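# Topology and contacts: notes
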Amino acid sequence: LTTSRYIKSPSLLDFIHENIHRKVVLISAAAGYGKTALLINFAHEVEYPIAWCQLDDTDRDAATLAEDIFSTVRYLRPNFQSIVPSLITQPDSKITAIASALAHDIASAFDDYTILVLDNFHLIQESADAMRFIDTFLLELPEQIHVLMASHAIPDSPTFTHLASIQEIVAIDEEHLRFTPNEVQMLLQRRYNVDIP
């Protein structure tokens, strides 16, 4: 997958580099289009610190999502401290308060340009609680933190609409990721040493 995606990568990687100053870069396409491979390729060549959070079905629970993002950031910086773990254990803690606290703690701990990858974002999009967390979290993240998302679909969220209105989000979709005939020829030549007209 990564090898095949290198055929397409230069223009798409350039696009991400040119837009990484925005709050969110969204890669949205169905399974098999190379979303994760594109993010991996970008991670290999970028100099900024990258915290990679691989989402799964359990992250539909907002508390689990908060804990996973916290753990991801802490992996990048082991001395990272946050009140989020204690907030999660309190039954009366609001989702938005947890999201706000995590964003604030990240802002206090990271002065430099840092990228947070949220891969498989589509797995949490149908959860109202998870999306409520993400909406608050994205809006309150400091300007030095930038988010790369890979998803099967564009999230239906007022926060994403707001970010689009202020040009703080850009997207790569299936049209950009789809192979051209020339790229199919290159793929077959590189992977199988087969030339086709």
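The rules behind these values
- Residues numbered from 1 in each chain as written.
- Predicted model: local features only at pLDDT ≥ 70, side-chain atom pairs only at ≥ 80, totals over all residues.
- Heavy atoms only, no water.
- Helix = DSSP H or I, 4+ residues; strand = E, 2+ residues; numbered from the N terminus.
- Rg over C-alpha atoms; globule rule 2.2 N^0.38 Å.
- Buried < 20%, exposed > 50% of the residue type's maximum accessible area, 1.4 Å probe, protein only.
- Contact = heavy atoms within 4.5 Å.
- Lys, Arg positive; Asp, Glu negative; His and termini not counted.
- Charge placed at Lys NZ, Arg CZ, Asp CG, Glu CD.
- pLDDT = per-residue confidence, 0-100.
- Pairing = 2+ DSSP bridges.
- Axes fitted to C-alpha atoms, helices over the stretch in contact; angles between N-to-C directions.

Across its full length, the protein chain holds ten helices and five strands. Relative to the 2.2 N^0.38 estimate, which gives 16 Å for 197 residues, the radius of gyration of the protein chain is 18 Å and therefore close to what a compact globule would have. With the principal axes as the frame, the protein chain shows a C-alpha extent of 65 × 30 × 30 Å. Per-residue burial for the protein chain yields a buried fraction of 46% across its 197 residues. Sequence-distant contacts, at least 24 apart, represent 76% of the contacts inside the protein chain between residues at least 6 apart. In the protein chain, 13 side chains carry a positive charge and 27 a negative one; their mean positions are 4 Å apart.

Moving on, we come to the confidence of the model for the protein chain. When the pLDDT values of the protein chain are averaged, the result is 90; 95% of them are 70 or greater. Predicted confidence for residues 1-6 stays below pLDDT 50, and this span has 18 contacts to residues more than four positions away or in other chains.

Attention now goes to the sheet that holds strand S4 (residues 145-151). With respect to topology, five strands assemble into an open sheet ordered S2-S3-S4-S1-S5, the strand pairing being parallel. The strands lining the two open edges of the sheet, one partner per strand, are strand S2 (50-54) and strand S5 (169-172). Adjacent strand axes in the sheet meet at a mean angle of 15° when their direction is disregarded. In the packing of helix H4 (residues 62-76) onto the sheet, contacts are made with S2 and strand S3 (114-119), and the angle to S2 comes to roughly 145°. Across the face of the sheet, helix H7 (residues 128-140) comes into contact with strand S1 (24-28), S3 and S4 while running at roughly 145° to S4.

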